[in-house]
Amino acid sequence: MDTEKKQIALSLIQPSGTITLGNYLGAIRNWVKMQDEFDCIFALADLHTITVRQEPAKMRKNIIDAYASILACGIDVEKTLFFIQSHVHTHAEMAWILNCYTQFGELSRMTQFKDKSAKHADNINAGLFTYPSLMAADILLYQADRVPVGADQMQHLELARDIANRFNGLYPNVFKVPEAYIPKTGARVMSLQDPTKKMSKSDENVNGCVHLLDPPEVIMKKFKRAVTDSEACVRYGEGKDGINNLMDIYGAVTGLSHEQIERDFDGKGYGDFKTAVGEAVVEALRPVKSEYEKLIADKAYLESCYRKADEIALKISSRTLAKAKKKIGFI
Ligand code: TRP
């Protein structure tokens, strides 16, 4: 019998472009799997996206597309809270409070800040700098137990834990100190053109990144052009970043182990393997794409989903915010 209270798992994703195969295999597919084991809270981190300049019309489209895409991946609004960060004002308010409990030195050490300020040297805004306090607010407002994040966000999660501990040290029992959640099956998908880098929608080479909604022929083309090596042997190993990445992707969508893949492609060339990976990805994404088409055609339904979730998120987060404000001394 399922009477035990489930742990709360929480994560957000930035709707800063289309959802990529990397987002899907690395994060969203795990969110989908977590829905039975945890009380899940997911959201679009649209407030985070404006730390980098956005074009308004594009931003609107990205947000609704991301919402529909993630539902299409299998997020079930009946059991999971899936809302939009900017619709829930407690996040920005809590972020301000947490800013006052976060040190300049801590924020200065964040590698993402260093990377992003190098990349956007003309717009090193304060939001880019305090980004981790907003992320801490997202997490701490919901008393989350577990936070599924990729390696690139681990430093931010550590900081959120430090902020929570510091705050609790001053005012006991306000925040649950969250822990990372590293899923058993989470592929780190690399660029198809530079497999030493994470697959990213901002890849200079469009062939490096597969988008969830790419047409099948585009997906096939990108896989056929994927960078490999000159050994011509489908085997997982050092110095074979391209093939390792393709094997990881193939394994993630088919469930096959590296050994099984090596056996299946013994004596076959990279051409055959790339075609097989492309076809497997096309098949895996087919139902997602058709569900997305259905959802995106029904904006009223999408709106009803996020409005409902926004409201519940506001209710839950308001409790923590009120408690924090009271303990600090606001009247
Ligand atoms: N910063 C995360 C990213 O870019 C997104 C994010 C925002 C997040 N708030 C969060 C992730 C809270 C986990 C928990 O990937």
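Up top is the structure.
What you see is a predicted model, and the numbers here were worked out from it, not measured in a lab.

**Some details on the overall build of the protein chain**
Scanning the protein chain from terminus to terminus reveals 13 helices and five strands. Considering only C-alpha atoms, the protein chain reaches an extent of 75 × 45 × 40 Å along its principal axes. Split into buried and exposed, the 331 residues of the protein chain put 48% on the buried side. Roughly 16,200 Å² of accessible area belongs to the protein chain as shown, and the carbon and sulfur atoms make up 53% of that amount. Counting 43 positive and 43 negative side-chain charges, the protein chain places the centres of these two groups 4 Å from one another.

**Here we look at the site of the ligand**
In the vicinity of the ligand there are 13 residues, among which Gln14, Tyr131, Met135, Asp138 and Gln153 approach most closely. Gln14 places a side-chain nitrogen or oxygen 3.3 Å from an oxygen atom of the ligand. Contacts to the ligand include Tyr131, whose side-chain N or O atom sits 2.7 Å from a nitrogen atom. About the coverage of the ligand: the protein hides 90% of its 370 Å² of free accessible area. No other element matches helix α7 (residues 126-140), which puts four residues into the shell around the ligand. Here the residues of the shell around the ligand sort into eight nonpolar, four polar and one charged.

**A look at the packing of aromatic side chains**
Scanning all chains against the criterion turns up 14 aromatic pairs. With centroids separated by 4.8 Å and ring planes inclined at 50°, the aromatic side chains of Phe167 and Tyr171 adopt a geometry described as tilted. Both rings, one in Phe265 and one in Phe273, keep their centres 4.9 Å apart while their planes meet at 70°; by these two values the pair is edge-to-face. Judged on exposure class, the residue Phe265 and its partner Phe273 are both buried. Among the aromatic side chains, those forming a connected cluster through ring pairs are Tyr101, Phe167, Tyr171 and Phe175. The cationic tip of Lys268 hangs over the ring face of Phe265; the distance from NZ or CZ to the ring centre is 5.5 Å. Positioned above the aromatic ring of Phe330 is the side chain of Lys325, whose terminal nitrogen or guanidinium carbon lies 5.9 Å from the ring centre.

**Considering the pairing of strand β1 (residues 8-13)**
The buried count for β1 comes to five of six residues, which makes it a mostly enclosed element. Alignment of β1 against strand β2 (residues 39-44), held across six bridges, turns out to be parallel. Across the sheet, residue Ile8 finds its bridge partner in β2, namely Asp39. Assessed by its sense of winding, the connection that carries the chain from β1 through helix α1 (residues 21-34) to β2 is right-handed.

**Describing the pattern of salt bridges**
Here the structure, examined in full by the defined rule, presents 16 salt bridges. Residue Asp145 pairs with Lys176 through a salt bridge whose shortest N-O separation is 3.1 Å. Residue Asp145 is found in the loop between α7 and β4 (146-148), and its partner Lys176 is found in the loop between α8 (154-170) and β5 (179-181); the two are separated by 31 residues along the sequence. Residue class for Asp145 comes out buried when judged on its relative accessible area of 14%. The salt bridge involving Arg307 is made with Glu303; its shortest N-O contact spans 3.4 Å. Here the residue Arg307 and the residue Glu303 both occupy positions in helix α13 (residues 299-328), the gap between them amounting to four residues, near one helical turn. A single network of salt bridges, built from pairs that share partners, joins Asp229, Glu231, Arg235 and Lys240.

**Here we look at α8**
Owing to its 3.6 residues per turn, the α-helix aligns residues three or four sequence positions apart on the same side. Helix length check: α8 (17 residues) gives 25 Å between terminal C-alpha atoms against 24 Å at 1.5 Å per residue, within 8%. Residues of α8 that are buried: His156, Leu157, Leu159, Ala160, Ile163, Ala164, Phe167 and Asn168.

**Focus: the packing of helix α6 (residues 111-119) against α7**
Two elements in contact, α6 and α7, have axes separated by 10 Å at closest approach and are oriented at 160°. Comparing their axes, α7 and α6 come out roughly antiparallel. In the crossing of α6 with α7, the sense of the turn from one axis to the other is right-handed. Of α7, the residues touching α6 (which contributes Gln112, Phe113, Lys116 and Ser117) are Leu128, Phe129 and Tyr131. Partitioning the contact of α6 with α7 into residue classes produces four nonpolar, two polar and one charged.

Conventions we followed
In every chain, residue numbers begin from 1 and rise along the written sequence. Only residues with pLDDT of 70 or above have their local features reported here, since the model is predicted, and side-chain atom pairs are shown and tallied only from 80 upward, although totals for entire chains, interfaces and linings are computed over all residues. Note: side-chain values were computed over all heavy atoms of the structure, leaving out hydrogens and water. Helix numbers and strand numbers start at the N terminus; a helix is a DSSP run of H or I with at least 4 residues, a strand a run of E with at least 2. Note on classification: 1.4 Å probe, protein chains only; a residue is buried when its accessible area is under 20% of the maximum for its type, exposed when over 50%, partly exposed between these limits. Methods summary: accessible areas were calculated by the Shrake-Rupley approach with a probe of 1.4 Å, and residue burial reflects only the protein chains presented. Asp and Glu are treated as the negative residues and Lys and Arg as the positive ones, with His and the ends of the chain left uncounted. Here the site of a charge means NZ on Lys, CZ on Arg, CG on Asp, or CD on Glu. Being near a molecule or strand, for a residue, means having at least one of its heavy atoms within 4 Å of it. We define a polar contact as two N or O atoms separated by no more than 3.5 Å, with the added condition that, inside protein, one atom must be a possible hydrogen donor and the other a possible acceptor, whereas residues neighbouring each other in sequence contribute only through side-chain atom pairs. The classification used treats Ala, Val, Leu, Ile, Met, Phe, Trp, Tyr, Cys and Pro as nonpolar, Asp, Glu, Lys and Arg as charged, and all other residues, Gly among them, as polar. Two rings from Phe, Tyr or Trp (for Trp, the six-membered ring) form a pair when their centres are within 6.5 Å of each other. A pair whose planes differ by under 30 degrees is stacked, one over 60 is edge-to-face, and the rest are tilted. When the NZ atom of lysine or the CZ atom of arginine is within 6 Å of a ring's centre and also within 35 degrees of its normal, the charge is said to sit over that ring. Note: two strands are recorded as paired if DSSP finds a minimum of 2 bridges between them. Here is how to tell: hold the view so the strands point away, follow the path from the first strand over the helix to the second, and if it runs clockwise the crossover is right-handed. Note on definitions: salt bridges are taken to be side-chain nitrogens of Lys or Arg within 4 Å of carboxyl oxygens of Asp or Glu. Helix span, as expected, comes to 1.5 Å for every residue beyond the first. In this analysis, axes come from line fits to C-alpha atoms, helices being fitted only over the stretch in contact, and the angle between any two N-to-C directions falls in the range 0 to 180 degrees. Here the angle decides the label: under 35 degrees means roughly parallel, over 145 means roughly antiparallel, 65 to 115 means roughly perpendicular, and every other value means oblique. Take the far helix as the reference: if the near one is turned anticlockwise from it by less than a right angle, the crossing is left-handed, and if turned clockwise, right-handed. Any two residues having at least one pair of non-hydrogen atoms within 4.5 Å are treated as being in contact.

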